[in-house]
Amino acid sequence: MKKTWHQIARYHDGNTPPSFELEVYKKLLNIFHIGDFYYYIVNLPHVEIEFVSDAVKKVLGIACTADFNVDYILTNIHPDDLNRFMRYEQQVTAFFNALPPDKVLKYKVSYDYRLRCADGSYKWILMQTITIQSDEKGSVIRVLGIQTDISHIKTDAIPSGLSFIGLDGEPSYFNAVGQQTKQPFSNALFTKRERQILELIITGKNTCEIADLLNISIHTVNTHRKNIMAKSACKSLVELGSKAIREGWI
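Please read all numbers here as calculations on a predicted model, not as lab measurements.

1. Concerning the overall build of the chain
Right, on to step 1. Within the chain, the regular secondary structure consists of nine helices and seven strands.
Right, on to step 2. Residue pairs at least 24 apart in sequence account for 63% of intrachain contacts in the chain once pairs closer than 6 positions are excluded.
Right, on to step 3. Of the roughly 12,300 Å² that the chain leaves accessible, carbon and sulfur atoms contribute 53%.

2. As for the packing of helix 6 (residues 192–202) against helix 7 (residues 207–214)
Right, on to step 1. Packing of helix 6 against helix 7 leaves a shortest axis separation of 10 Å and a crossing angle of 130°. Between helix 6 and helix 7, the interaxial angle falls into the category oblique. Like other packed secondary-structure pairs, helix 6 and helix 7 cross with a definite hand, here right-handed. In contact with Arg193, Gln196, Ile197, Leu200 and Ile201 of helix 6, helix 7 contributes Ile210, Leu213 and Leu214.

3. Here we look at the nonpolar core
Right, on to step 1. Counting residues in each nonpolar core, the largest one holds 38 residues, and the members touching the most others are Tyr38, Leu60, Phe68, Phe96 and Phe164.
Right, on to step 2. Setting aside residues up to four positions removed in sequence, Phe68 forms contacts with Tyr38, Tyr40, Ile49, Val52, Val56, Leu60, Ile62, Ile73 and Gln147.
Right, on to step 3. In this structure, Ile201, Ile210, Ala211 and Trp249 belong to the second largest nonpolar core, which totals 18 residues.

4. A short note on the pattern of salt bridges
Right, on to step 1. Per the counting criterion, the structure on display carries eight salt bridges.
Right, on to step 2. Between Arg114 and Asp81 there is a salt bridge whose closest N-O contact spans 2.9 Å. Linking Arg114 in strand 3 (residues 107–116) with Asp81 in helix 5 (residues 79–97), this pair joins segments that are 33 residues apart in sequence.
Right, on to step 3. A salt bridge links Glu194 to Lys231; the shortest N-O distance between them is 2.8 Å. Residue Glu194 is found in helix 6, and its partner Lys231 is found in helix 8 (residues 218–232); the two are separated by 37 residues along the sequence.

5. Digging into the packing of helix 6 against helix 8
Right, on to step 1. Helix 8 packs onto helix 6 with a crossing angle of 90° between their chain directions and a minimal axis gap of 10 Å. Judged by the inter-axis angle, helix 6 sits roughly perpendicular to helix 8. Here Arg193, Glu194, Ile197, Leu198 and Ile201 of helix 6 lie close against helix 8, whose contacting residues are His224, Arg225, Asn227, Ile228 and Lys231.

6. Details of the packing of aromatic side chains
Right, on to step 1. This structure, assessed with the given rule, holds 13 aromatic pairs.
Right, on to step 2. Here Tyr38 and Tyr40 contribute two aromatic rings whose centre-to-centre distance is 6.5 Å and whose plane-to-plane angle is 40°, an arrangement assigned as tilted. Accessibility classification places Tyr38 together with Tyr40 in one group, the buried group.
Right, on to step 3. Both rings, one in Tyr38 and one in Phe68, keep their centres 5.2 Å apart while their planes meet at 75°; by these two values the pair is edge-to-face. Remark: Phe68 occurs in the loop between helix 3 (55–60) and helix 4 (70–76) and Tyr38 occurs in strand 1 (residues 37–43); sequence separation between them is 30 residues. Residues Tyr38 and Phe68 agree in their burial class; the two are buried.
Right, on to step 4. Members of the aromatic cluster, each reached through a chain of ring pairs, are Phe95, Phe96, Tyr107, Phe164 and Tyr173.
Right, on to step 5. Seen from the ring of Trp124, Lys154 lies directly overhead, with NZ or CZ sitting 4.7 Å from the centre.

7. Points about the confidence of the model for the chain
Right, on to step 1. With 82% of its residues at a pLDDT of at least 70, the chain reaches an overall mean of 84.
Right, on to step 2. Element-level mean pLDDT values for the chain span from 61 in helix 2 (residues 21–28) up to 96 in helix 3.
Right, on to step 3. Between residues 179–187, whose pLDDT stays under 50, and residues either more than four places distant or in other chains, the model counts 18 contacts.

Thresholds applied
- Residues numbered from 1 in each chain as written.
- Predicted model: local features only at pLDDT ≥ 70, side-chain atom pairs only at ≥ 80, totals over all residues.
- Heavy atoms only, no water.
- Helix = DSSP H or I, 4+ residues; strand = E, 2+ residues; numbered from the N terminus.
- Contact = heavy atoms within 4.5 Å.
- Areas by Shrake-Rupley, 256 points an atom, 1.4 Å probe, with all protein chains shown as cover.
- Axes fitted to C-alpha atoms, helices over the stretch in contact; angles between N-to-C directions.
- Parallel < 35°, antiparallel > 145°, perpendicular 65-115°, else oblique.
- Left-handed = near helix turned anticlockwise from the far one by under 90°.
- Core = buried A, V, L, I, M, F, W, Y, C linked by side-chain atoms within 4.5 Å.
- Buried < 20%, exposed > 50% of the residue type's maximum accessible area, 1.4 Å probe, protein only.
- Salt bridge = Lys/Arg side-chain N within 4 Å of Asp/Glu carboxyl O.
- Phe/Tyr/Trp six-rings, centres within 6.5 Å; stacked < 30°, edge-to-face > 60°.
- Lys NZ or Arg CZ within 6 Å of the ring centre and 35° of its normal.
- pLDDT = per-residue confidence, 0-100.

Structure (structure tokens):
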């Protein structure tokens, strides 16, 4: 989990002064709540929750806000939901690493899972997150998370898919990844080398970095990149990232 969050933060040191209070309030207006909720701020480079609202005590029944941290989340997710949570977070990283830097603040992520309360019971939690701080390279530094208790409207144990909801006119990708792990697209679509390069592109590596990692020339990388774009019928890295997630290419 730490490795995944470090990738989406692109290994930023996370020490930029948090001068973004106004942006937090603006982003809150974009989220509609359908039950009791709490919100928190995550510093991804440090992999730590810097702040959580007092409402977490009511929703989860914990004694104090300090008890709600990354370890609490990872150790209290329902066992049947943990692998899906990890897979979704990896796919969130791939999606954001494919975005241009100016689009990083314009997407909300949404999916649900079951979280154990202090009394041992589980609640269905709708998790929605928005980037509230990034740098000029598009590194995700701080994220605002809203977790809402939706147990009262969840009539079955079927989880929702992962959705990327566009703000400020950006396109949305609902249920971009469903409940089951998708099978890789036909191996005939990409060669083995193209699949290697596709994964590196989605994780945010540029042409020079890919060439160094695979010990091939920049010209060769560029040729493979052109072939990947042509075979995928994509016109941009954003489209490639979202399609790679939907089709199970990564």
